[in-house]
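Residue-level structure breakdown
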Amino acid sequence: MRARRIQESSVNVLLRPLSLFLLVLRPLCYVRKRVSLSDMNFVRQVYLLLRKEITLEWRSKYALNGVLLYVISTVFVCYQAFKSVHPVIWNALFWIILLFTSINAISKSFTQESKARQLYYYTLVSAQAIILSKIIYNVLLMLLLATVAFFAYSTIFRNEIGDPPLYFITILLGSISFGTALTMVSGISAKANNSGTLMAILSFPVLIPVIIVLIKLSKNAMDGLERSVSYDEIGVLLAINLIVLTVSLLLFPYIWRD
Amino acid sequence: MKAYWWKFLAAGLVFYSIIGGFLFPVPELPILHETIRNTYFHIPMWFAMILLYVISVVYSIKYLSSGETKHDLLAVESVNVGIIFCGFGLITGMLWADVTWGEPWPNDPKLNGSAIATLMYLAYLVLRNALDEEQKRAKISAIYNIFAFPVMIVLLFILPRLTDSLHPGNGGNPAFSNLDMDGTMRAVFYPAVLGWMLIGVWITTLRYRYRLIDWEQ
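Please read these numbers as outputs of a predicted model, since none were measured by experiment. (Residues numbered from 1 in each chain as written. Chains lettered and ligands numbered in written order. Predicted model: local features only at pLDDT ≥ 70, side-chain atom pairs only at ≥ 80, totals over all residues. Heavy atoms only, no water.)

1. With respect to the overall build of chain A
The condition is simple: In DSSP terms, a helix is any run of H or I states spanning at least four residues, a strand is any run of E spanning at least two, and both are numbered starting from the N terminus. Areas reported as accessible are Shrake-Rupley estimates using a 1.4 Å probe. Residue values count occlusion only from the protein chains shown.
For chain A, the helix and strand inventory stands at nine helices and zero strands. Helices and strands appear in chain A in the N-to-C order α-α-α-α-α-α-α-α-α. Looking at chain A as shown, the accessible area adds up to about 14,300 Å², and 67% of this sits on carbon and sulfur atoms.

2. Details of the overall build of chain B
Note the threshold: Think of it in three bands: with a 1.4 Å probe and only protein chains considered, a residue is buried below 20% of the maximum accessible area for its type, exposed above 50%, and partly exposed in between. The criterion used for residue contact is that any of the two residues' heavy atoms lie within 4.5 Å.
Each helix and strand in chain B was counted, giving six helices and zero strands. N-terminal to C-terminal, the α/β element order of chain B is α-α-α-α-α-α. By residue count, 50% of the 217 residues in chain B fall in the buried class. A sequence separation of at least 24 residues applies to 73% of the contacts in chain B between residues at least 6 apart. Summed over all atoms, the accessible surface of chain B reaches about 10,600 Å², with 68% contributed by carbon and sulfur.

3. Notes on the confidence of the model for chain B
Going by this rule: Confidence of the predictor at the level of single residues is captured by pLDDT, which takes values from 0 to 100.
Taken residue by residue, chain B gives an average pLDDT of 83. The fraction at 70 or more is 88%. Element-level mean pLDDT values for chain B span from 85 in helix H5 (residues 134–162) of chain B up to 90 in helix H2 (residues 39–66) of chain B.

4. Some words on the interface of chain A and chain B
The following threshold applies: Accessible area that two parts lose when put together, evaluated with a 1.4 Å probe and summed over both, is termed the buried area. In the sections that follow, a salt bridge refers to a side-chain nitrogen of Lys or Arg positioned within 4 Å of a carboxyl oxygen of Asp or Glu. Gly counts as polar in this scheme, as do all residues outside two lists: the nonpolar Ala, Val, Leu, Ile, Met, Phe, Trp, Tyr, Cys and Pro, and the charged Asp, Glu, Lys and Arg.
With 29 residues of chain A at the interface, the matching set in chain B holds 23 residues. For the pairing of chain A and chain B, the buried interface totals around 2,400 Å² over both sides, and the portion due to carbon and sulfur atoms is 84%. For chain A, the biggest contributors to the area lost against chain B are Ile-188, Pro-205 and Tyr-254 of chain A; these three give 21% of the whole. The interface formed by chain A and chain B contains zero salt bridges. Elements represented by at least two residues in the side of chain A that touches chain B include exactly helix H7 (164–191), helix H8 (195–223) and helix H9 (231–256) of chain A. Class assignment of the residues belonging to the side of chain A that touches chain B gives a composition of 22 nonpolar, two polar and five charged.

5. Structural notes on the nonpolar core
The following threshold applies: Working definition of a nonpolar core: buried Ala, Val, Leu, Ile, Met, Phe, Trp, Tyr and Cys residues. They are joined through side-chain atoms within 4.5 Å.
Membership of the largest hydrophobic core comes to 117 residues, with the highest contact counts inside it found for Phe-94, Tyr-167, Phe-178 and Phe-252 of chain A together with Phe-85, Leu-127 and Tyr-144 of chain B. Leave out the neighbours within four places in its chain, and Phe-94 of chain A touches Ala-146, Ala-149, Phe-150, Tyr-153, Tyr-167 and Ile-171 of chain A. Residues Ile-36, Tyr-40, Val-188 and Val-193 of chain B belong to the second largest nonpolar core, which totals nine residues.

6. Section: the environment of Arg-257 of chain A
Among the structural elements, Arg-257 of chain A can be located in the segment after H9. Measuring from C-alpha to C-alpha, the distance between Arg-257 of chain A and Leu-119 of chain A comes to 9.5 Å, with 138 residues separating the pair along the chain.

7. Some points on helix H1 (residues 5–23) of chain B
Residues and elements named next belong to chain B. Using the following cut-off: Multiplying one less than the number of residues by 1.5 Å gives the expected span of a helix.
Between its terminal C-alpha atoms H1 stretches 27 Å, which fits the 27 Å expected from 19 residues at 1.5 Å a residue. Turning to H1, its buried residues are Trp-6, Lys-7, Ala-10, Leu-13, Val-14, Ser-17, Gly-20 and Gly-21. Where the residues of H1 are buried, they touch H2 and helix H6 (183–216).

8. What to know about the environment of Ala-148 of chain B
Residue and element names in this part refer to chain B. Secondary-structure assignment places Ala-148 in helix H5. According to the relative accessible area criterion, Ala-148 is buried, its value standing at 2%. C-alpha of Ala-148 to C-alpha of Ala-117: the two residues are 31 residues apart in sequence and 8.6 Å apart in space.

9. Things to note about the side chain of Thr-101 of chain A
All names here are of chain A. Rules: Polar contacts here mean pairs of N or O atoms no more than 3.5 Å apart (in protein, one a potential hydrogen donor and the other a potential acceptor; neighbouring residues in sequence count only if both atoms are side-chain atoms).
Position of Thr-101 relative to the elements: it lies in helix H4 (residues 87–106). Under the relative-accessibility criterion, Thr-101 is labelled buried at 0%. Reaching out from Thr-101, the side chain makes a polar contact with the backbone oxygen of Ile-97 at a distance of 2.6 Å. Excluding residues that lie within four positions of it along the chain, Thr-101 makes contacts with Val-67, Tyr-70, Val-71 and Leu-145.

10. Considerations on the confidence of the model for chain A
All names here are of chain A. Summary statistics for chain A give a mean pLDDT of 79 and a share of 83% for residues scoring 70 or more. In the model, residues 4–15 has pLDDT below 50 throughout and makes one contact with residues more than four positions away in sequence or in other chains. Across residues 17–37 the pLDDT falls below 50, and counting only partners more than four positions away or on other chains, this stretch makes one contact in the model.

11. Overview of the packing of H1 of chain B against H6 of chain B
All names here are of chain B. Applicable threshold: Here the axes come from fitting lines to C-alpha atoms, over the contacting stretch only for helices, and the angles between their N-to-C directions go from 0 to 180 degrees. Any angle that is under 35 degrees is reported as roughly parallel, and any over 145 degrees as roughly antiparallel; angles of 65 to 115 degrees are reported as roughly perpendicular and all others as oblique. In this scheme the handedness of a crossing depends on how the near helix is turned from the far one: anticlockwise by less than a right angle means left-handed, clockwise means right-handed.
H6 packs onto H1 with a crossing angle of 135° between their chain directions and a minimal axis gap of 8 Å. What the angle tells us is that H1 and H6 run oblique. Crossing handedness for the pair H1 and H6: left-handed. Taken together, the residues of the contact of H1 with H6 sort by class into 16 nonpolar, five polar and two charged.

12. Observations concerning the packing of aromatic side chains
For any pair of aromatic rings, the description consists of the separation of the ring centres together with the inter-plane angle of the planes. Residues and elements named next belong to chain A. Our working definition: Note on ring pairs: Phe, Tyr and Trp rings are taken, using the six-membered ring of Trp, and paired if centres are within 6.5 Å. Classes follow the plane angle, with under 30 degrees stacked, over 60 edge-to-face and the rest tilted.
Evaluation of the coordinates by the stated rule reveals 20 aromatic pairs over all chains. Geometrically, the ring pair formed by Trp-90 and Tyr-153 is tilted, given 5.0 Å between the ring centres and 35° between the ring planes. Taken together, the positions of Trp-90 in helix H4 and Tyr-153 in helix H6 (residues 127–156) put the pair 63 residues apart, joining distant regions of the chain. With a relative accessible area of 0%, Tyr-153 lands in the buried category. Among the aromatic residues, those joined into a cluster by ring pairs are Phe-76, Tyr-79, Trp-90, Phe-94, Trp-95, Phe-150, Phe-151, Tyr-153, Phe-157, Tyr-167, Phe-168 and Phe-178.

The structure is reproduced here in structure tokens:
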């Protein structure tokens, strides 16, 4: 420490003619250095946090298995209740199942860990890294759940789909949208303690526009319409996702800093 | 006098729009007939609502950067008054729809969008009630308010344009073009919009000042 200080001062003495010039440049260097450093850290932070989430989930498997069972039993309940349905209802029912599944799966993403541990993360990593890792994790979880739900649903509940690849793309887009929108809402409702009801109240209005577009897009896929008809909807979905993601990244630090 | 000249302006403009709205000549159009006069009352409600929601989101952002309770109070009061204007917009719209479209609630994307947007702002108020601690309530609800705003924009302005809608300006229908709004209508419509917006702001400031006194005591 002492040696370093001496070294620093000697450097200052040696570079006195340059000191003014350096002083002018210093803020610039500082900014550049900070940005590049935090950039490197940021990706690594997100990666580590994501790995932590997955490891935690894998260790207990409680939430994962619970939600998987929830999906399958909901599908089965719907099948028993309806037996055979009109394609429009089939489609709507699938999205409603997915909606409730996603709310169930994501609502606990911030309440699982204790306050003390979250405080510990706060000292280690940036808030954006936390929200981004949670979003990525929830999107992955939703992709898995939606795929399982789709296969279970379409095997139990037979129905003709005109354009299966497009339908599957819709499901992927849907799980990405649910994941991004619900992560932020679960963060907000976790701060308000009574998560269950509040989560539903806060997330439904945010998800309704997404669901409207998703149902339209998947209906296009079921009818096997020309792909170019659906580009508008895909664009809107991507735009909504981008907006929600940006707003989440901007706002999450304020939730976090308590 | 200098500080509140705009309140006289607001009252004057609204009076003018009511008198002008009922008495001035209007173009005769097939389905609308005399109901076209509702343009002067129905649409300004939505303009006022949007203005109030914008004020609310601006003050929520300000709250997050400053942490002053004043900003939070103004944000919540704007939402309160905005919801009232939304209610009036829906009522005038339903009366109008009953006459021209045959039913008070046709399945129209703009109607559904505005209903869902209202749900979102009601959820904002519920969220506020769920939080007891003042600082935390202000912060978390400000975050939700900012989060909800872009979704509201998507609901009211983007989705209706993608699908078929009965409203003008959506689904390929022309917006207020030269065809259905002539000079006399514009002369009443624009003052009406401005007047109702100012009335909305006026009510908000009154409620805000009342709330501020309440809070300071």
